[in-house]
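Architecture and fold: a report
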Amino acid sequence: IAHHELLGQLEKYKADHGCVVVMETKTGEIKAISNLGRTSEGKYYEKLNYAVGESHEPGSTFKLMSLVAALEDKVIDTSTVIDTEKGRYRIYDGVVKDSKWGGYGKISVAKAFAVSSNTAFAKIINENYKQQPEKFVNRLMNMGLHKKLDLPIIGEGDPVIRYPGDKGWSGISLGWMSHGYEVSLTPIQTLAFYNAIANDGEYVKPRLIQEVREGNKVLKRFDKEVLNSSICSKETVEKAQQLLKDVVEKDYGTGHKLYSKNFSMAGKTGTSQVISFSADKIYSKCSEKEYKFRHHGIFAAYAPYDNPEIAIGVVVEHGCSSSKAAKVAAKVV
């Protein structure tokens, strides 16, 4: 099912490549994983293990990590009101922009998360941590985001969480990190964090191998491995869970089109943009202006909401606009 749903979206949008991972919430057991890349003839096959090996900027899915850090440090609450600055927020010579022209006005942190306001999150993180940027990064590192998952597969991509003073760090770094730029994670690393929120804060290692056998004899068994028994407080987990639910259930949430009365789900959409050096025209459903860039459309979710059984992560790279990218990924779910 995972393979065919992914393939359908890739073919529809003539995307370059994509992946989907389905993970059992309580144990971390990988139930399904599919990676498909496009050939020059427009066909798809298992080209590379993108889910494990492709580290890229996670875009707005990283707002969950920023939210958890800010809630834990008590610099905000979900009811804190943020002025989205007419959709433009300047930090030195950089300008953070919202996808909605004119911004969202003054909104709560909860609504900022549901509508995925870049300016709100840049403002939250920059203004509360600019005097002590290491405090924000330390919080991310305390949750283990800078570490590989140490999976039993060769080629796991390196996560990138820069520290103040590192090469590439600048005065705009906090604002850009807040909404998933200047950081890098693989799809399975992002999913593992979302799964931890679904799992009431218990961060479990994705399990790809259950046991090694020789005939009927079990040589080695791989049990559930807990990387962090509690990535944050129970209070923060519960608030994060509610906000992820709002993304899907609220009519203004970026994931609302996935809402169904038949089952409950919580999740977050995201997009990251990269320059397409080839700028090829395989993206027939995109305008000439759009295909000069490629976008990673990302969606991370878990279901059912009340007692999560599975977490799902999807990434699709294609050339359409950022507003379409996350929707393409979400439709796989």
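Scroll up a little and you will see the structure.
A brief structural summary. (Residues numbered from 1 in each chain as written. Predicted model: local features only at pLDDT ≥ 70, side-chain atom pairs only at ≥ 80, totals over all residues. Heavy atoms only, no water.)

For the protein, the helix and strand inventory stands at 10 helices and 16 strands. For 333 residues, the compact-globule estimate of 2.2 N^0.38 gives 20 Å, and the C-alpha radius of gyration of the protein, at 19 Å, lies within 12% of that figure. C-alpha atoms of the protein, sized along the principal axes, occupy 65 × 45 × 45 Å. Within the protein, contacts between residues separated by at least 24 positions form 66% of all contacts whose residues are at least 6 apart in sequence. Summed over all atoms, the accessible surface of the protein reaches about 15,300 Å², with 48% contributed by carbon and sulfur. Of the charged side chains in the protein, 46 are positive and 40 negative; the average position of the first set lies 5 Å away from that of the second. (Helix = DSSP H or I, 4+ residues; strand = E, 2+ residues; numbered from the N terminus. Rg over C-alpha atoms; globule rule 2.2 N^0.38 Å. Contact = heavy atoms within 4.5 Å. Areas by Shrake-Rupley, 256 points an atom, 1.4 Å probe, with all protein chains shown as cover. Lys, Arg positive; Asp, Glu negative; His and termini not counted. Charge placed at Lys NZ, Arg CZ, Asp CG, Glu CD.)

One way to put it is that helix H3 (residues 63-72) packs onto helix H9 (residues 234-249) with a least axis distance of 10 Å and a crossing angle of 145 degrees. At the point where H3 passes H9, the crossing takes the right-handed sense. Seen from H3, the contacting residues are Leu 64, Leu 67, Val 68, Leu 71 and Glu 72; seen from H9, they are Thr 236, Lys 239, Ala 240, Leu 243 and Leu 244. Taken together, the residues of the contact of H3 with H9 break down into seven nonpolar, one polar and two charged. (Axes fitted to C-alpha atoms, helices over the stretch in contact; angles between N-to-C directions. Left-handed = near helix turned anticlockwise from the far one by under 90°. Nonpolar A, V, L, I, M, F, W, Y, C, P; charged D, E, K, R; others polar.)

Let's shift gears to a nonpolar patch on the surface. A contiguous nonpolar patch, built from Ile 209, Val 212 and Leu 219 and spanning about 220 Å² of accessible area, is present on the exposed surface. Mapping Ile 209 onto the fold places it in the loop between strand E10 (203-204) and strand E11 (211-214). Ile 209 sits in the partly exposed class, given a relative accessible area of 32%. (Patch = residues over 30% accessible without salt bridge, like charges linked within 9 Å, V, L, I, M, F, W, Y side chains within 5 Å. Salt bridge = Lys/Arg side-chain N within 4 Å of Asp/Glu carboxyl O. Buried < 20%, exposed > 50% of the residue type's maximum accessible area, 1.4 Å probe, protein only.)

Omega for the peptide link from Ala 303 to Pro 304 comes to -15 degrees, which places this bond in the cis form. You can see Pro 304 is positioned in the loop between strand E15 (293-303) and strand E16 (310-318). Although it is not a glycine, Ser 116 adopts a positive phi angle of roughly 65 degrees. Here Ser 116 shows up in the loop between helix H4 (109-115) and helix H5 (118-129).

All right, on to the pattern of salt bridges then. This structure, assessed with the given rule, holds 16 salt bridges. The residue Lys 224 makes a salt bridge to Glu 202 at a minimum N-O spacing of 2.7 Å. Remark: Glu 202 occurs in the loop between helix H8 (187-198) and E10 and Lys 224 occurs in the loop between strand E12 (217-221) and strand E13 (226-228); sequence separation between them is 22 residues. For the salt bridge of Glu 235 with Lys 239, the shortest nitrogen-to-oxygen distance reads 3.3 Å. Note that Glu 235 and Lys 239 are positioned in helix H9 at a spacing of four residues, about one turn of the helix. Through salt bridges with shared partners, a single ionic network connects Glu 24, Glu 29, Lys 31 and Arg 207.

The next point concerns the pairing of E11. Note: E11 against E12, four bridges, orientation antiparallel. The residue bridging Arg 213 from the neighbouring strand is Val 218, located in E12. Taking the residues that link successive antiparallel strands as the turn, the E11-E12 hairpin has two residues, and the phi of Gly 215 there is positive, at about 70 degrees. (Pairing = 2+ DSSP bridges.)

A separate point is the environment of Tyr 129. By secondary structure assignment, the location of Tyr 129 is in helix H5. The exposure class of Tyr 129 is buried, given its relative accessible area of 0%. The spatial distance from the C-alpha of Tyr 129 to the C-alpha of Gly 175 is 9.8 Å, given a sequence separation of 46 residues. A polar contact of 3.4 Å, which involves the side chain of Tyr 129, links it to the backbone oxygen of Ala 69. (Polar contact = N/O pair within 3.5 Å; in protein donor to acceptor, adjacent residues only side chain to side chain.)

Counted residue by residue, H3 has 10 buried out of 10 residues, so it is predominantly covered. Buried within H3 are the following residues: Lys 63, Leu 64, Met 65, Ser 66, Leu 67, Val 68, Ala 69, Ala 70, Leu 71 and Glu 72. Of the residues one or two after H3, Lys 74 is the one with positive phi, at around 55 degrees.

Inspection of the secondary structure assignment puts Ser 66 in helix H3. Residue classification places Ser 66 among the buried positions, given a relative accessible area of 1%. When sequence neighbours within four positions are dropped, the list of residues in contact with Ser 66 reads Phe 121, Ile 125, Phe 136, Met 177 and Ser 178.

By secondary structure assignment, the location of Thr 186 is in the loop between strand E9 (183-184) and H8. A C-alpha to C-alpha distance of 8.0 Å links Thr 186 and Pro 58, two positions 128 residues apart in sequence. Those residues within four positions of Thr 186 in sequence are excluded, and the remaining contacts are Ala 51, Val 52, Gly 53, Glu 54, Ser 55 and Gly 157.

In this section: the environment of Ile 124. Residue position: Ile 124 is located in helix H5. Ile 124 gets classed as buried once you look at its relative accessible area, which sits at 2%. For the pair formed by Ile 124 and Ser 178, sequence separation is 54 residues and the distance between their alpha carbons is 8.2 Å. Not counting the four nearest positions on each side in its chain, Ile 124 is found in contact with Ala 70, Ile 76, Ile 82 and Val 109.

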